[in-house]
Amino acid sequence: MVSVSVHADAATGLIAPSQYVDPGHHAAELDGLFARTWVFVGLRLELQGISHRGVNVGNKKLLVQCDGEGRPRAFLNVCSHRQAQLCEPGTHSGPVRCPYHGWVYDREGVPVGIPQKQAFPQVVAAPQRFRLTEYACETAGQFIFVRLAAQGPNLAEYLGSQFDFLVRASEGMASIQDEFRQDVPANWKVAIENSLEGYHVPAVHSRTFMQTDGMDRAEAAPRFFFEDRLHSHLEHAAAPDWITRFARMESKIGKWPWRFEHYTHHLIFPNLTVTSFMGYSFHIQCFEPTVVDRTTVHSRTVGVEFVGATPAGVKMMEHIYGDGHAFTRKVFEEDGEICRKVQAGLQCAVRPGVLAQGLEDRVKHFQQAYARAVHALQ
Ligand code: FES
Ligand SMILES: [Fe+2]
């Protein structure tokens, strides 16, 4: 892989303040941008057995479930009878059953259980005609994505080099270790941009990141990768003492499927980040655009399978995961608070910001992708 700098000089931001604060623009983003892109909606391991999951994509409420072949499929979360919402966001066990009159749908979205069905001869005669409205749904390893638009690139084309990363990261993904949903009082783009630069770390995270994050401070800077037009990632070498520490623990904690010696942070445009330190767990955050100045962050930490762990090693990893969860929440709070202040500033800003050369190249790359996506809608 090659590390490329987008442009050499500092530049004016490409997103106007109004695009972070105007409710009309936000509505257009949900209708347009979030309908044309592939949007992450969950993990396959969250859909075990007969179950379904309510998710929001753009301005639509959907549900995702596996069909008879175990393939995730996405449907509009609206009953074919009299349009009740079928399920709330989150995972539910059992088949889809409407809470209003009790219609039950099969794994292909066809109504198969209708109370007093003799009253609906047209549905009984051709239940397929009353199938739930379906949307494009594809996977990259564990990661399930949905596209609302009928036409567009397939998932592999859309993800580019990120497709292989997600497939590889999925190897050995075993269980959700930690999960939370929390609101950040800022536009989704503010939250994404905040995740794309480390420039704010000394000022915002002096009590967390600056102390113990396992990064190699001797290494001048993380490396940025911009091989995809929409997505980007960074790699920052792990500190040598952390690598030694894990090497020493290996006889107890065992081996995990994809071990690397750095921290990695991936942005999958528009609103998914996947990060990992050395590959022993993956932190998946989805930034759902709730309203123009509020974003619901859905955060999952997924553990991977270790081979050859001793009981003492399992305990050690529980500690490491536990510390990681506490760290994640603290950092999340610090970022949430600063994002609130950015949103307050944007509310009365009169011109776009300015981006650092080098340090904020991933923000610039995101803004370029965003500007192109918005332009394509006009
Ligand atoms: S609205 Fe769903 S069963 Fe009546
Ligand atoms: Fe931060």
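In this report, the structure presented in the accompanying data block is examined. (Residues numbered from 1 in each chain as written. Chains lettered and ligands numbered in written order. Predicted model: local features only at pLDDT ≥ 70, side-chain atom pairs only at ≥ 80, totals over all residues. Heavy atoms only, no water.)

## Remarks on the nonpolar core
Counting residues in each nonpolar core, the largest one holds 85 residues, and the members touching the most others are Phe-143, Phe-145, Val-146, Leu-166, Tyr-280, Phe-282 and Ile-284. For this core, the two domains that each supply at least three residues are domain 1 (11–16 + 161–377) and domain 2 (36–147). Contacts of Phe-282, omitting those with residues within four sequence positions, involve Phe-165, Ala-169, Met-173, Trp-258, Phe-260, Val-274, Thr-275, Ser-276, Arg-300, Thr-301, Val-302 and Val-304. Counting residues in hydrophobic clusters, the runner-up holds 15 residues, among them Cys-79, Cys-98, Tyr-105 and Phe-120. (Core = buried A, V, L, I, M, F, W, Y, C linked by side-chain atoms within 4.5 Å. Buried < 20%, exposed > 50% of the residue type's maximum accessible area, 1.4 Å probe, protein only. Domains from an automatic or database assignment. Contact = heavy atoms within 4.5 Å.)

## Comments concerning the coordination of the iron ion (ligand 2)
For the iron ion (ligand 2), every protein donor is listed as His-200 (NE2), His-205 (NE2), Asp-335 (OD) and Asp-335 (OD), and the spread of their distances is 2.0 to 2.6 Å. With four donor atoms in place around the iron ion (ligand 2) and angles of 55 to 148 degrees between them, the coordination shape is irregular. Here the donor residues for the iron ion (ligand 2) map to a single chain with the spacing H-x4-H-x129-D. A residue pair is termed long-range when its members are at least 10 positions apart, and His-200 in the loop between α7 (188–195) and α8 (201–204) and Asp-335 in helix α10 (residues 311–348) qualify at 135 residues. Across the pair, exposure class does not vary: His-200 and Asp-335 are buried alike. (Donors = N, O, S within 2.8 Å, 3.2 Å for Na, K, Ca; no water. Tetrahedral: all angles 85-135°; square planar, octahedral: opposite > 155°, others 65-115°. Helix = DSSP H or I, 4+ residues; strand = E, 2+ residues; numbered from the N terminus.)

## Re the layout of surface pockets
Size it by volume and the second largest pocket reaches roughly 520 Å³. Lining the second largest pocket we find 25 residues, and of these Tyr-20, Glu-193, Val-342, Leu-355 and Glu-360 sit closest to its centre. Looking at the lining of the second largest pocket, the elements with two or more residues in it are α7, α10, β19 (354–355) and α11 (361–377). In terms of residue count, the dominant contributor to the lining of the second largest pocket is α10 (five residues). (1 Å grid on protein atoms, 1.4 Å probe; cavity = no way out; pocket = protein on both sides within 12 Å on 5 of 7 lines; lining within 4 Å. Points joined across faces, edges and corners; volume = space filled by probe spheres on them.)

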